[in-house]
Amino acid sequence: MLRTFGSPHRYMQGPGALRELGTLARSYGSRVLVIADAVVSQLLSLPVAAAFEGSDAQLQFAEFSGECTAAEIERLTAVACASNADVVVGLGGGKAIDTAKGVCVEHRKPLIVVPTIASNDSPTSRLVVVYTDTHQLHEVRKLRANPDVVLVDTAILIQAPERFFVSGIGDALSKKFEAAQCVATGNLNFYAAHPPFIAQVIADACYETIRTSAEAALEALRRRTVDEAFERTVEATILLSGLAFENGGLSMAHSLTRGFSAVPETASALHGEQVAFGLLVQLVLEGRPRDFIDELRRFYALIGLPRSLNDLGLKGDPAAAATVIARDTWARAPYVKALSGGVDAARIEAALITVHHWIDR
């Protein structure tokens, strides 16, 4: 089996990066379709338009409804086809971006991704996570290749709510451990190939960057001041995390998101919040030393990541919830077996309860 590495064609990050959108888009064609929800359009339509000043490009906005469903992708694909768009721009959070990706799966045109929050690593990925109308995960589609351009304006991201930024940290933390499990078990990455060595190097760098910079980056966010710690953490949560998961593969931490979506209370937690709690469960299943997990939990407390099912929103019986989460994780997650030593629903359930009741020493 070959080793395969994939990535966006170009990644640009920094304050004012949005100003480059017009030049970048025009290099792919003259008819530009921007997919964004009503709130993002209201906030950024003028800066986007300003980025195209002096260009002969035809700029059109298409409003995203708020959920990435098959029907929404189909509707916006029809808009892209009717306008004969040369390039699609996904502007907003993860679901708006995934919807733009879904349009490009069908419309087969270049894609520029402009995230407005750093809540997860979807901007760099070719995966399209599709939900039902009731917000349950339905399927995962794939672009032929990763986005052509990922344009990250940190002056925009610094204005986003703190919870989204913390969620991105939670999503990124797991990649070091999930990639290692994929290598250990011989699991394949998202290019249906063995992970190349560089995937683990990137995953390790992602983890180390977050551990050394995230706390200061969070303080920068609260001051609304872009600094080096914020830039490093954003690069880790968007670029490094995205490259690590697609090229390194995923394991239990992400598998548990399937189970969390089966319990209405935990389903409402952000993706990165679910993954962060899932990482603690994975570390218990790996048999990591108690001191190691305690130290990571202390970091969670500093950053504001969930350490119990209650932190994920659960108000009911944790034992009953753990049964449902473990059952659905085992039945539905495609990478649930990427864990050395083997696992089953009973072990997952026991680990969930262990983490939920964990008391710091």
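Residues numbered from 1 in each chain as written. Predicted model: local features only at pLDDT ≥ 70, side-chain atom pairs only at ≥ 80, totals over all residues. Heavy atoms only, no water.

Undergrad: Got a minute to help me understand the packing of helix 10 (residues 252-260) against helix 12 (residues 271-286) in this structure?
TA: Angle between the axes and distance between the axes: these two values describe a pair of packed helices. At a minimum axis separation of 7 Å, helix 10 and helix 12 run at an interaxial angle of 120 degrees. Considered as vectors, helix 10 and helix 12 are oriented oblique to each other. In this structure, helix 10 crosses over helix 12, and the sense of that crossing is right-handed. Of the residues in helix 12, those touching helix 10 at Met-252, Ala-253, His-254, Leu-256, Thr-257 and Phe-260 are His-271, Gln-274, Val-275, Phe-277, Gly-278, Leu-279, Val-281, Gln-282 and Leu-285. (Axes fitted to C-alpha atoms, helices over the stretch in contact; angles between N-to-C directions. Helix = DSSP H or I, 4+ residues; strand = E, 2+ residues; numbered from the N terminus. Parallel < 35°, antiparallel > 145°, perpendicular 65-115°, else oblique. Left-handed = near helix turned anticlockwise from the far one by under 90°. Contact = heavy atoms within 4.5 Å.)

Undergrad: Explain the sheet that holds strand 5 (residues 111-115) here, please?
TA: Sheets are built from strands that pair by backbone hydrogen bonding, the pairs being arranged parallel or antiparallel. If you trace the six strands from one edge of the open sheet to the other, you get 1-8-5-4-2-3, paired in parallel fashion. At either end of the open sheet lies a strand with only one pairing partner, and these are strand 1 (10-13) and strand 3 (58-64). Direction aside, neighbouring strands of the sheet carry axes that sit 15 degrees apart on average. Sheet analysis places strand 2 (residues 31-37) next to strand 4 (residues 87-92), joined by four bridges and oriented parallel. Note on strand 4: the bridge partner recorded for Val-34 is Val-89. (Pairing = 2+ DSSP bridges.)

Undergrad: Honestly, the pattern of salt bridges in this entry has me stumped. Any pointers?
TA: Between side chains of opposite charge, a pair can form as their charged atoms come close. A full pass over the atoms with the stated rule returns 19 salt bridges. Close ionic contact of Asp-171 with Lys-175 constitutes a salt bridge, the shortest N to O distance being 3.2 Å. Its relative accessible area of 1% is what places Lys-175 among the buried residues. Ionic pairing is found between Asp-204 and Lys-176, a salt bridge with its closest N-O pair at 3.4 Å. A residue pair is termed long-range when its members are at least 10 positions apart, and Asp-204 in helix 8 (residues 197-223) and Lys-176 in helix 7 (residues 175-185) qualify at 28 residues. Judged by its relative accessible area of 22%, Lys-176 is partly exposed. One salt-bridge network, held together by shared partners, links Asp-121, Asp-171 and Lys-175. (Salt bridge = Lys/Arg side-chain N within 4 Å of Asp/Glu carboxyl O. Buried < 20%, exposed > 50% of the residue type's maximum accessible area, 1.4 Å probe, protein only.)

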